[in-house]
Every structure is written in C-alpha cells, then in structure tokens.
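# Structural overview for review
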Amino acid sequence: AFPEKDAPWRARVARASYAHLGREAVATFRVSAQGPEAVVERTTMGGFPAFEAALAEGRGVVLVTGHLGNWELGGAAFSTRGLPVDAVAKGMANRRFGADLEASRRRLGVRVVDLAAAPREALRSLGGGRVFGVIADQDAREQGIFVPFFGKLAATFRGPALFALRAGAPIFLGVSLREPGRTARYRVTMERIPFTPAGDLEADVRALTAAHVTALERAIRQAPEQYFWQHRRWKTRPPGEAAG
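Predicted model only: the values in this text are computed from it and were never measured.

Here the focus is the packing of helix α1 (residues 7–33) against helix α5 (residues 95–107). Two elements in contact, α1 and α5, have axes whose closest approach is 10 Å; the angle formed by their N-to-C orientations is 40 degrees. It follows that α1 is oblique to α5 by the angle criterion. For the pair α1 and α5, the sense of crossing is left-handed. On α5, the residues that touch F29, S32 and A33 of α1 are F97, D100, L101, S104 and R107. Of the residues that constitute the contact of α1 with α5, the class distribution is four nonpolar, two polar and two charged.

All right, on to the side chain of T236 then. Structurally, the position occupied by T236 is in the segment after α8 (201–222). Judged by relative accessible area, T236 falls into the buried class, the value being 11%. Side chain to side chain, T236 and D139 meet in a polar contact 2.8 Å long. T236 has contacts with D139, R141, E142, F146 and A155, leaving out every residue within four places of it along the chain.

In this section: α8. Counted at 1.5 Å a residue, the expected span for α8 with its 22 residues is 32 Å, and the 32 Å between its end C-alpha atoms agrees. Lining the buried residues of α8 we find β2 (61–65), β6 (145–149), β7 (152–156), α7 (159–167), β8 (171–178) and β9 (186–192). In this structure D200 caps α8, since a side-chain oxygen of it lies 3.3 Å from the backbone nitrogen of E202.

This next bit is on the nonpolar core. Ranked by size, the top nonpolar core spans 40 residues in total, and within it V62, L68, F132, F149, I171, L173 and I220 carry the most contacts. Mapped onto this core, the elements with two or more residues apiece are α1, β2, α6 (118–127), β5 (131–135), β6, α7, β8 and α8. Looking at this core element by element, the count peaks at seven residues for α8. The contact partners of I171, leaving out residues within four places of it in the chain, are V62, V64, P160, A164, E191, R192, I193, L208 and H212. Judged by nonpolar contacts, the second largest core, of 16 residues, contains M45, F48, V131 and M190.

For the rest of this paragraph, the subject is the sheet that holds strand β1 (residues 43–46). Read across the sheet, seven strands follow the order β1-β9-β8-β2-β5-β3-β4 without closing on themselves; strand pairing throughout is mixed. Strand pairing shows two members of the sheet lacking a second neighbour, β1 and β4 (110–114), which therefore form its edges. Strand after strand, the sheet turns through a mean of 25 degrees between neighbouring axes, direction not considered. One ladder, built from three bridges, connects β2 with β8; its direction is parallel. Residue L63 lies in a different strand from β8, and its bridge partner there is F172.

We now examine the packing of α6 against α7. Contact geometry of α6 with α7 gives a least axis separation of 10 Å together with a crossing angle of 40 degrees. In terms of axis orientation, α6 runs oblique to α7. The two elements α6 and α7 meet at a crossing, and its hand is right-handed. For the pair formed by α6 and α7, the contact residues are A118, P119, A122, L123 and L126 on the first element and F163, R166 and A167 on the second. Taken together, the residues that form the contact of α6 with α7 break down as seven nonpolar, no polar and one charged.

Any pair of aromatic rings gets described here by the distance separating the centres and the angle formed by the planes. This structure, assessed with the given rule, holds 12 aromatic pairs. Through pairs of rings, three or more aromatic residues link up here, namely F2, W9, F149, F150, Y227, W229 and W234. When the ring centre of W9 is taken as reference, the NZ or CZ atom of K5 above it lies at 5.1 Å. The ring of F149 carries R233 above its face, with NZ or CZ at 5.5 Å from the centroid.

This brings us to the pattern of salt bridges. Following the criterion strictly, the structure yields 16 salt bridges and no others. Linking R111 and D86 is a salt bridge whose minimum nitrogen-to-oxygen distance equals 3.3 Å. In this pair, R111 is assigned in strand β4 and D86 in strand β3 (residues 85–89), connecting sequence segments 25 residues apart. Here R158 makes a salt bridge to E202, at a shortest N to O gap of 2.5 Å. Residue R158 is located in the loop between β7 and α7, and its partner E202 is located in helix α8; the two are separated by 44 residues in the primary sequence. With relative accessibility at 23%, the residue R158 sits in the partly exposed group. Where salt bridges share partners, they join D86, R111, R120, E121, R124 and R130 into one cluster.

Reading the values: the criteria
Residues numbered from 1 in each chain as written. Predicted model: local features only at pLDDT ≥ 70, side-chain atom pairs only at ≥ 80, totals over all residues. Heavy atoms only, no water. Axes fitted to C-alpha atoms, helices over the stretch in contact; angles between N-to-C directions. Helix = DSSP H or I, 4+ residues; strand = E, 2+ residues; numbered from the N terminus. Parallel < 35°, antiparallel > 145°, perpendicular 65-115°, else oblique. Left-handed = near helix turned anticlockwise from the far one by under 90°. Contact = heavy atoms within 4.5 Å. Nonpolar A, V, L, I, M, F, W, Y, C, P; charged D, E, K, R; others polar. Buried < 20%, exposed > 50% of the residue type's maximum accessible area, 1.4 Å probe, protein only. Polar contact = N/O pair within 3.5 Å; in protein donor to acceptor, adjacent residues only side chain to side chain. Expected span 1.5 Å × (residues − 1). Core = buried A, V, L, I, M, F, W, Y, C linked by side-chain atoms within 4.5 Å. Pairing = 2+ DSSP bridges. Phe/Tyr/Trp six-rings, centres within 6.5 Å; stacked < 30°, edge-to-face > 60°. Lys NZ or Arg CZ within 6 Å of the ring centre and 35° of its normal. Salt bridge = Lys/Arg side-chain N within 4 Å of Asp/Glu carboxyl O.

What is shown is where atoms sit, not what they do.
What follows is the structure, given as structure tokens:
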C-alpha cells in the first residue's frame, strides 16, 4: 500500500495498528455502556448539516465506511443524534462476543441488518428515508468487482453503489478517527461522493464503487495506523492474476 515508505515506517504502522485495534475494542464497550449521551459527548461531527440535508430529501442515504478509526462508535454517532440507522453486519465467529457487540449496537439505537438480508432490506430502508450503513472494504471474493485500492485492484462489494443507484439515494463516506489524547474522543466526518449516472447500470456501479473506495483510501492515508491492515484485502485476484 505504501511502496514509497521504508521498512521501519511499515513496522511502526503495523504495530500501531494492532495497538489501535485492541484499544478501540475496549473503548467501544466502555463508551457504549455509558449510554447514548456518552457517545454524543465523545464525538464531533464534520459535514453533518450537509448530511442531514441530504437525508431530508426523503430518499435515504447510503453511508459507506471502512475498518478505519472506530467504525462502531462512528455509526452510533448518527443514531444517538436521532437519525434512523440500519447497519449491515455479518455474524462473528465468536458468538458470545458477537452477541455482546449486537447488544451494544441496539443500546445505542442502531438497527442491525444481517449481511444475507442486505439486498432485500436496503431498498426498504432507503425508501423509508433511513440511513443504510455498510462497511465496504473487505475482500468480496468472486462476487465482487475489481476497482483500484492503493494502486492494486481489489475485489469490492457492489452493493452500496447498486443500492444508491436503484433508490436514487446519495452516497456518503463516513469516517470516525480517534483524536490524540488518553480520553477516547472521535472526529466523525461525512463526505458526499459526487456522481452523475450515465445510464448504464453496470458501468455506473463500477464507477461509483471506484469513487467511494478512492475516498476511503484518502481517509486512510490521513491515519494509516488506525486502519485494519490485518485483513487480506487483496486476497482475491482478477482472472489470470496470481493470488496476492
């Protein structure tokens, strides 16, 4: 991802990424246990008026994010401010941990949509004027479409772009970065992904997917130590290319 950086820099970022992951797992449960008011107090919102204005148009909003910063408290920052949020999630291998995490989400007003039900629930959610949240940066395997991510093609879920185009809904990138300091505080930013459909659905899905992935890459470059590099993002390769 960073060919211009040297090995010591990569090692520092890798260590920091592991430390960040462990710290945020604890912070998520500690803050959520304190209730919605704690989430509001610990988060500041950048670009929120534009996001609220887009939601007020009545077509819902597709909110994409990645495993950057603290995505759990980032999603809760919207629901605890009174916005209706449906978040796509898949089950955890550790069922006990998964149950605790789902209870935390419910406590903060986030409605969880199972990954398998996402295609059916997306248009219902957006048609109801809700925020439909998707973490869209994991390897999508053979069903994904390949778009550039840090200079290398990555299999990416087409769902967020497809849902937005079919519903006529705007799509935003939302990112929740932890701010410096011992106290867990976060800057949540929202960036509308500008896009004008050309009328060819497949081409539009690919172009819109590439656009929101590019926006996420820009956000990761701001704080690479807060990204979940442990995931094998480039595992699936295009036909004819060896696995990475």
